[in-house]
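Chains, contacts and geometry: an overview
Residue-level listing of the chains:
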Amino acid sequence: MGDRMTTITAADVKKLRDMTGAGMMDCKTALTETGGDIEAAVDWLRKKGLSKAAKKSGRIAADGLIGIVAKGREGAVVEVNSETDFVARNEQFQTLVRDITSLAPAAKGDIKALLAATYPDSKNTVETQLQEAVATIGENMTLRRTSSIAVKEGVVADYIHSRVADGLGKIGVLVALESAGDEPTLFEIGRMLAMHVAAASPLALDISAVPADVIEREKAILAEKNQGKKPEMLEKIVAGGIKAFAKENCLLEQQYIHDTTKTVAQAMKEAESRAGAPIKVAGYVRYALGEGIDKKEEDFGEEVRKLASGG
């Protein structure tokens, strides 16, 4: 035991580093200070605020908040996850998400750039600020993803569903409208369309934007269901099936939730007279909290581990 108190092995330092995400030298100091006792060293690092709480990184953070911001011709959205809804309702966590969201437009959808950005009124990066929040709030948190959208002319409108506070909620949508029309009117049209996107959850803007593998899968299902039909008949059935798929899944062809007698494309065309100029739906982003996490639990765990270890 006497020997162990003075000899700190590289393996011990690595183990402590893996457990806490703290720096190499800090881990060595912690072990020296605690006579090589790993658990005591973990506590020592936590008390000093040096532990990055990597121990918690094995737990899936599937709750949290979507943060959204739209300013004129650009907008951005982020998803910051926590383990429980209790933390999502915590004011400190909400401030953290709002502050990260405020930096998101400049990151232009690049998560590494956002993690490396300087946190408001701080010398910390967003990544360090998150790690410190994990230590103080005591629950694993991670910045999972970010997207941004912009137009040269027109507006980006936002909508937050299941709102918990300003710009924070469980579903966040951005809609980009390209138009030379009246901006306040365009924003109102965009906000209504963003509500539609939140409710209808389109797969893509139009059929050309649907991934080829998704179309192929639909065609294969239709062909399977109609085995034995003549080739020309089958061709018509498949074409009709893809049209029906587009009506259900493509934004411009969906029934507009605010007036189901029209498609979204028709509703936007009619809105042009109010805006005083043609309107083109340039794109949209829809984030629903935690979507895909259950399906990709391992991948997400890996993301969390990378974040916690600064990798």
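Keep in mind that what you see is a predicted model, and the values were worked out from it rather than measured.

Conventions adopted
All chains use their own residue numbering, which begins from 1 and follows the written sequence. At least 70 in pLDDT is required for a residue's local features to be given in this predicted model, at least 80 for side-chain atom pairs to be given and counted, and no such filter applies to totals for whole chains, interfaces and linings, which use all residues. Each side-chain value is worked out from all heavy atoms of the structure, with water and hydrogens disregarded. Confidence of the predictor at the level of single residues is captured by pLDDT, which takes values from 0 to 100. When checking whether two residues touch, look at their non-hydrogen atoms; a contact exists if any pair is within 4.5 Å. A pair of strands is considered paired only if DSSP assigns at least 2 bridges between the two. Only DSSP runs of H or I covering at least 4 residues are called helices, and only runs of E covering at least 2 are called strands; the numbering of each starts at the N terminus. To obtain an axis, a line is fitted to C-alpha atoms, over the contacting stretch when the element is a helix, and the angle between two such axes runs from 0 to 180 degrees between their N-to-C directions. Burial classification: accessible surface area is computed with a 1.4 Å probe over protein chains only, and a residue below 20% of its type maximum counts as buried, one above 50% as exposed, and the rest as partly exposed. Counted as salt bridges are all cases of a side-chain nitrogen of Lys or Arg within 4 Å of a carboxyl oxygen of Asp or Glu.

1. Focus: the confidence of the model for the protein
Caution applies to low-pLDDT regions: their predicted coordinates should not be interpreted in detail. Summarising the model, the protein shows a mean pLDDT of 86, and 88% of its residues fall at 70 or more. Ignoring residues within four places in sequence, the model shows residues 1-5, a span with pLDDT below 50, making four contacts including any to other chains. Per-residue pLDDT stays below 50 along residues 295-300; that stretch engages in eight contacts with residues further than four places along the chain or on separate chains.

2. Remarks on the sheet that holds strand β1 (residues 63-71)
Taken together, the four strands give an open sheet; going across it, the order is β3-β2-β1-β5, and neighbouring strands pair in antiparallel fashion. Looking at strand neighbours, the two that pair on one side only are β3 (141-150) and β5 (168-169), the edges of this open sheet. As judged from the nine bridges shared by β1 and strand β2 (residues 74-82), these two strands associate in the antiparallel manner. Among the inter-strand pairings, V69 is bridged to a residue of β2, identified as A76. Most of the contacts of helix α6 (residues 91-107) go to β2, to which it runs at about 145°, and overall it touches β1, β2, β3 and β5. Seen against the sheet, helix α8 (residues 126-137) touches β2 and β3 and runs at an angle of roughly 140° to β3.

3. So, unusual backbone geometry
Although it is not a glycine, D121 sits at a positive phi angle of roughly 55°. Within the element layout of this structure, D121 appears in the loop between α7 (111-116) and α8. Given a relative accessible area of 87%, D121 falls into the exposed group. If you check the backbone angles, S162 has positive phi at about 50° while not being a glycine. Take S162: it is sitting in the loop between β4 (154-161) and β5. The class of S162 is partly exposed, set by a relative accessible area of 40%.

4. Observations concerning the pattern of salt bridges
All told, the structure shown has 13 salt bridges when counted by the stated rule. Notably, a salt bridge pairs R73 with E183, separated by 3.2 Å at the nearest N-O pair. Of this pair, R73 sits in the loop between β1 and β2 while E183 sits in helix α9 (residues 183-200), and the two are 110 residues apart along the sequence. Looking at R73, the relative accessible area reads 38%, which means it is partly exposed. Overall, the relative accessible area of 35% leaves E183 in the partly exposed class.

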